[in-house]
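# Breakdown of the fold
Residue strings, one per chain:
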Amino acid sequence: MRYGHNHLYVPGPTNVPHSVLSAMHVPMEDHRASDLHELTKPLFADLNKVFKTTKGQSFIFPATGTAGWEVALTNTLSPGDKVLSARFGQFSHLWINMAERLKLDVDFLKVPWGEGAPVPDIEKKLAEDKNHAINAVMIVHNETATGVTSEIAAVRKSLDATKHPAMLFVDGVSSIASIDFRMDEWGVDMAIAGSQKGFMLPAGLAIVCASQKALEARKTAKLPRCFLDLEDHIKTNANGLFPYTPSLPMLRGLRASLDLLFEEGLENVYARHHRLGEGVRQAIQAWGLKLCARQPKWYSDTVSAIMVPEGINGADVVDIAYRKYNTALGAGLTDVAGKLFRIGHLGDLNEVSCCAALAATEMAMLDVGIEIEAGSGLAAAIEYYRKNAPAADKKSTAGQARAMKSGSDMKQTA
Ligand code: PLP
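Thresholds applied
- Residues numbered from 1 in each chain as written.
- Predicted model: local features only at pLDDT ≥ 70, side-chain atom pairs only at ≥ 80, totals over all residues.
- Heavy atoms only, no water.
- Domains from an automatic or database assignment.
- Buried area = accessible area lost by both parts, 1.4 Å probe.
- Salt bridge = Lys/Arg side-chain N within 4 Å of Asp/Glu carboxyl O.
- Polar contact = N/O pair within 3.5 Å; in protein donor to acceptor, adjacent residues only side chain to side chain.
- Helix = DSSP H or I, 4+ residues; strand = E, 2+ residues; numbered from the N terminus.
- Nonpolar A, V, L, I, M, F, W, Y, C, P; charged D, E, K, R; others polar.
- Pairing = 2+ DSSP bridges.
- Axes fitted to C-alpha atoms, helices over the stretch in contact; angles between N-to-C directions.
- Contact = heavy atoms within 4.5 Å.
- Buried < 20%, exposed > 50% of the residue type's maximum accessible area, 1.4 Å probe, protein only.
- Arc of directions from axis to C-beta.
- Near = heavy atom within 4 Å.
- Areas by Shrake-Rupley, 256 points an atom, 1.4 Å probe, with all protein chains shown as cover.
- Core = buried A, V, L, I, M, F, W, Y, C linked by side-chain atoms within 4.5 Å.
- Parallel < 35°, antiparallel > 145°, perpendicular 65-115°, else oblique.
- Left-handed = near helix turned anticlockwise from the far one by under 90°.
- 1 Å grid on protein atoms, 1.4 Å probe; cavity = no way out; pocket = protein on both sides within 12 Å on 5 of 7 lines; lining within 4 Å.
- Points joined across faces, edges and corners; volume = space filled by probe spheres on them.

### Points about the domain arrangement of the protein chain
Split by domain assignment, the protein chain resolves into domain 1 (7-12 + 265-388) and domain 2 (18-26 + 33-263). Distance between the C-alpha centres of domain 1 and domain 2: 27 Å. Between domain 1 and domain 2, roughly 2,400 Å² of surface is buried when both sides are summed, and carbon and sulfur atoms account for 58% of that area. Ranking the residues of domain 1 by area buried against domain 2 places Leu 266, Tyr 270 and Trp 298 at the top, with a combined share of 26%. Linking domain 1 with domain 2 are three salt bridges, by the criterion used here. Between domain 1 and domain 2 we count 14 residue pairs in polar contact (both at pLDDT 80 or more) in total. Mapped onto the side of domain 1 that touches domain 2, the elements with two or more residues apiece are α10 (266-287), β11 (303-307) and β13 (340-344). With five residues, α10 is the largest single contributor of residues to the side of domain 1 that touches domain 2. Tallied by class, residues from the side of domain 1 that touches domain 2 come to 14 nonpolar, seven polar and seven charged.

Okay, structure coming up:
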């Protein structure tokens, strides 16, 4: 029998805050109501703020991150077009696989899992491509499978240094709204996010932002597309509508989620994720274990992938944490299955939530025979969080305000 609530620390779906849950708890509405634009138009404008773009255009699809990949590829490219990518985890693998299945000519760099985008190699490929045959470079910003964050600004520098006109497509599914992301500054042409990570919503929205260059490429792109055609969205979004029935509860939830992100401030959201991630990393170091990410410059602030010692199956840690301690951790995927487990530290979490994750992880690791000292990682994280958490505000802390808001939201629906 399970008791208490399930503690969710997979790297998406993430915990949905009460105010977001309450906002979604609404009777169904007319999706062509004459005032719908009052809800939807500000959503597009506010998503641009999250993507950090003034020039790009945000789109919302009733789909998931995977569809976002397809939006980027099919709306900008033609069969046989060449794309350059790097495979360094399950999600970069799947995106490359999609590009191949869409009959694109994919050149990808094979990178050991645990490393990030190989910028010098990418630059070399771009420099060698004198005829500019490469139409787009596709990079996963935060590889959720390995807990590796790549430097998108450096990829942009390579494109600029080689004066290469290729478009830059970035999967920000587990980074956008949690880790610093700058669409305009980094010259990103297609940025892809999903609702179930930093946006703290259920899965169900693919959130995509296109640069003017990508929108222009659309006019000659010949890959077949229908449900995911930006054209239909551009036409209907202009009036605050969608080409098909949108999930209005999800859009109401997105409104509440954006309000929370802006209330905290995006820079504070990034700083919090860095702090939470760093506390988890302190714990891993105290346990004497290693991250899959091979260098500190690649450490992800949204997910830590923890290598288990030889002879231990990482999947057992995840299984015991779930069945015995009612705590969901992330398993190792495909190439790293069994070799690691993951702690997702993104979304609606604070220092105490991360301590709970670490406590459950310690208990599960001890149960499967990993020789760590009980409490050692938790103690390291506690020390780090005490020293680095923002000072308490005696008047009204953001946390209290949020708790009060959640409480009143809950009363409304009670
Ligand atoms: N890209 C990354 C980095 C992801 O972590 C995920 C899912 O976890 C996806 C893409 C695929 O997104 P979805 O499962 O929403 O289709």
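So that's the structure; there's more coming.
### As for the sheet that holds strand β12 (residues 327-331)
What the four strands build is an open sheet, ordered β1-β12-β13-β11; its pairing is mixed. Looking at which strands have only one partner, the edges of the open sheet turn out to be β1 (7-9) and β11. Strand after strand, the sheet turns through a mean of 30° between neighbouring axes, direction not considered. Of the pairings in the sheet, the one linking β1 to β12 comprises three bridges and is parallel in character. By the bridge assignment for β12, His 7 is matched with Thr 327. α10 contacts β11 and β13 of the sheet and is inclined by roughly 10° relative to β11. Against the sheet, helix α11 (residues 314-325) touches β12 and β13, its axis set at about 165° to β12.

### Concerning helix α5 (residues 119-128)
Restricting attention to buried positions, one finds in α5 the residues Val 119, Ile 122 and Leu 126. The buried residues of α5 occupy one face: seen down the axis, they fall within an arc of 60°. Residues of α5 that are exposed and angled more than 90 degrees away from the buried face: Pro 120, Lys 124 and Glu 128. At its buried positions, α5 is contacted by β3 (82-87), β4 (105-110), β5 (134-140) and α6 (152-161).

### Points about the site of the ligand
The immediate surroundings of the ligand are formed by Thr 64, Gly 65, Thr 66, Trp 69, Phe 91, Asn 142, Thr 144, Asp 171, Val 173, Ser 174, Gln 196 and Lys 197. A distance of 2.5 Å is found between an oxygen atom of the ligand and a side-chain nitrogen or oxygen belonging to Thr 144. Considering the ligand on its own, with 390 Å² of exposed area, one finds that the protein chains cover 86% of that surface. For the shell around the ligand, the element with the most residues is helix α3 (residues 65-74), which contributes three residues.

### Examining the nonpolar core
Among the nonpolar cores identified, the biggest contains 90 residues, and Phe 51, Phe 61, Leu 73, Phe 169, Phe 199 and Leu 254 are the most heavily contacted of them. Sorting elements by how many residues they give to this core places helix α9 (residues 248-264) first, with eight residues. Composition of this core by domain shows at least three residues from each of domain 1 (7-12 + 265-388) and domain 2 (18-26 + 33-263). In contact with Phe 199, other than residues within four places in its own chain, are Leu 47, Val 50, Ile 176, Ala 177, Ala 193, Gly 194, Ile 207, Leu 254, Ser 257, Leu 258 and Leu 261.

### A word on the packing of helix α12 (residues 351-367) against helix α13 (residues 376-388)
At a closest axis distance of 9 Å, the pairing of α12 and α13 adopts a crossing angle of 170°. Comparing the axis directions of α12 and α13 gives the class roughly antiparallel. Helix-helix and strand crossings are classified by hand; for α12 and α13 the assignment is right-handed. Here Glu 351, Cys 354, Cys 355, Leu 358, Ala 359 and Glu 362 of α12 lie close against α13, whose contacting residues are Ser 376, Gly 377, Leu 378, Ala 381, Ile 382 and Tyr 385.

### A closer look at the sheet that holds strand β9 (residues 190-194)
Taken in spatial order, the seven strands line up as β2-β10-β9-β8-β5-β3-β4 in an open sheet, and their pairing is mixed. Only two strands of the sheet have a single partner each, and these edge strands are β2 (57-61) and β4. The mean angle between the axes of side-by-side strands here comes to 20°, regardless of whether they run parallel or antiparallel. Where β3 lies against β5, four bridges are found, and the strand directions are parallel.

### Comments concerning empty space enclosed by the protein
One water molecule sets the probe size; rolling that probe over the atoms shows where empty space is left. Scanning the model with the defined rule gives one cavity of 30 Å³ or more in all. Roughly 30 Å³ of volume is contained in the largest cavity. The wall of the largest cavity is formed by Ile 60, Phe 61, Pro 62, Leu 205, Phe 242, Pro 246, Ser 247 and Leu 251. Here the lining of the largest cavity is composed, by residue class, of seven nonpolar, one polar and no charged.

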